[in-house]
Amino acid sequence: MLLTYRALKRRAHAKSLRITTPNGVDESSYVRIGGIDQWISVRGDDRTNPVILEVHGGPGASNLIHVPRTRAWERHFTIVRWDMRGAGKTFAAGGPEAQGEMTLDRLHQDALEVTDHIRARLGVDKVVLLANSFGSVTGLRLARDHPERYSAYVGTDQNIVGGGRDTSAYEALLARLEKAGRKKDLAKMAAMGPDHSAWSAHMWAEYSKTVVTTDPLTYDTMKTVIIRSLWFSPLHTLRDLRTYLKGMTFSEQLGPQATTIDERAEGTVFRLPFFLFQGDSDVLTPPEPARRFYEEVTAPVKDFALIPEAAHFASFRHPDRFLDLLLKKVRPVVTGEPVGR
């Protein structure tokens, strides 16, 4: 019965994803990036729309599962979804042995190659860079260092890594565990200490999982948005879903590599429009550190917005509200068109 329901939902999703407009685009294939085959999907109702390149989070959490939820975005933008090395269909192509170098520097270089591939393939000078969650660590570096390739930066579930100085999210987790009487988990997290740079990949993953399960809104989002998107994705078989989860576990090794970054030391000057859209109740990447960083940013245009009733994964829990922000704040800046065209 469960599998029958899944089949019906996947069929309905597949129907909703059909692009039939005369100037639409729906392409998916492996492209040789950074010496390995990496999966890139390009979808949109009109090729003349601005192009958005997504840099997904996780690490290892491909955004392809969310295509049905974000179908409306494709009416206003051409969306490029890229499964990074270690993630999704890229991981599935060759397994762990074929992923090559798993470092943030390598992901940065991969992203530049993907960007240039898309610019050439679609015949555009620049693309909007949309980075979410762990992907926003790479996203900030791309936006800071390569404004010649990007028409705007949009960060959501934005990580602001402060060189270990900001421990507010960690302290808030300990407080939630103490209030809930979860003494075993509290002892485990307290023993890890607030210095993320001293954590192993396993410890980093355990911390993230504990944050998710101790906050009701985040946990509900995980169940109703993330897990449902996985289960009903028309682009993934059951085998694909197992591989998807294996890729996330494999990619955990990237987590600790970000802990020593100091975003302020790397720079707060961005030579392109800069936007941050955060869930107002996000406990994994809280809005206040993002807001403080935003206030220090110098950019030609900048804007900050909170998405109400949203924890982490804000853009996927409320894709309609996120699209509204893209249309009202981002698209007019990159196209020169008035709001609401």
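Before any of the text, the structure's been laid out above.
Notes on the structure in this doc start here. Values in this document were obtained by computation on a predicted structure and should not be read as measured data. In every chain, residue numbers begin from 1 and rise along the written sequence. Reporting in this predicted model follows two pLDDT cut-offs: at least 70 for local features of residues, and 80 or more for side-chain atom pairs to be given and counted; totals over whole chains, interfaces and linings ignore these cut-offs and use all residues. Side-chain measures here rest on the full set of heavy atoms in the structure, leaving out hydrogens and waters.

Remarks on the packing of aromatic side chains
No. 1: Note on aromatic pairs: the rings of Phe, Tyr and Trp (six-membered ring only in Trp) are paired at centre separations within 6.5 Å, and the planes decide the class, stacked below 30 degrees, edge-to-face beyond 60, tilted for the rest. Using the criterion set out here, one finds 15 aromatic pairs in the structure.
No. 2: Aromatic side chains F134 and W204 sit 5.8 Å apart centroid to centroid with 75° between the ring planes, which places their arrangement in the edge-to-face category. Of the two residues, F134 sits in the loop between β5 (127–132) and α4 (135–145) while W204 sits in helix α7 (residues 201–214), which places them 70 residues apart along the sequence. A single burial state applies to F134 and to W204, both of which are buried.
No. 3: Arranged with centres 5.0 Å apart and planes meeting at 50°, the rings of W199 and Y207 form a pair that is tilted. Each member of the pair, W199 as well as Y207, carries the same accessibility label: buried.
No. 4: Either the NZ atom of lysine or the CZ atom of arginine qualifies as a charge over a ring when it sits within 6 Å of the ring centre and within 35 degrees of the ring normal. Over the aromatic face of W231 sits the side chain of R6, whose NZ or CZ is 4.9 Å from the ring centroid.
No. 5: Sitting over the face of the ring of W39, K89 holds its NZ or CZ atom 5.7 Å from the ring centroid. Segments assigned H or I by DSSP are reported as helices when at least four residues long, segments assigned E as strands when at least two residues long, and all are numbered from the N terminus. Note on classification: 1.4 Å probe, protein chains only; a residue is buried when its accessible area is under 20% of the maximum for its type, exposed when over 50%, partly exposed between these limits.

As for the nonpolar core
No. 1: With 56 residues, the main nonpolar core has I40, I118, L129, Y153, Y207, F270 and F274 as its most contacted residues.
No. 2: No other element matches helix α3 (residues 104–122), which puts 7 residues into this core.
No. 3: Beyond its immediate chain neighbours, meaning those up to four positions away, L129 contacts L53, V55, G139, L142, A143, Y150, A152, Y153 and V154.
No. 4: Core analysis: the next-biggest nonpolar cluster, separate from the first, contains 23 residues, I52, L130, F277 and L325 among them. Take the buried Ala, Val, Leu, Ile, Met, Phe, Trp, Tyr and Cys residues and link them wherever side-chain atoms come within 4.5 Å; each set so joined is a nonpolar core. Residue contacts are defined here by distance: any two heavy atoms, one from each residue, within 4.5 Å place the two residues in contact.

Some details on the environment of G163
No. 1: Here G163 lies in the loop between β6 (150–156) and α5 (168–180).
No. 2: By relative accessible area, G163 is classed as partly exposed at 37%.
No. 3: Setting aside chain neighbours within four positions, we find G163 in contact with T260, I261 and D262.

So, the packing of α7 against helix α8 (residues 216–232)
No. 1: Running from amino to carboxyl end, α7 crosses α8 at an angle of 100°, the nearest separation of the two axes being 5 Å. One finds that α7 runs roughly perpendicular with respect to α8. Between α7 and α8, the residues in contact are V212, T213 and T214 and P216, T218, Y219 and M222, respectively.
No. 2: Gly is put with the polar residues, along with every residue not named as nonpolar or charged; the nonpolar set is Ala, Val, Leu, Ile, Met, Phe, Trp, Tyr, Cys and Pro, and the charged set is Asp, Glu, Lys and Arg. Each residue belonging to the contact of α7 with α8 can be placed in one class, and the counts come to 4 nonpolar, 3 polar and no charged. To get an axis, a line is fitted to the C-alpha atoms, and for a helix only the part in contact is used. The angle between two axes follows their N-to-C directions and goes from 0 to 180 degrees. These descriptions rest on fixed angle ranges, namely under 35 degrees for roughly parallel, over 145 for roughly antiparallel, 65 to 115 for roughly perpendicular, and the rest for oblique.

Some remarks on the environment of L173
No. 1: Position of L173 among the secondary structure elements: in helix α5.
No. 2: Beyond its immediate sequence surroundings of up to four residues, L173 is in contact with M189, Y207, T210, V211 and T214.

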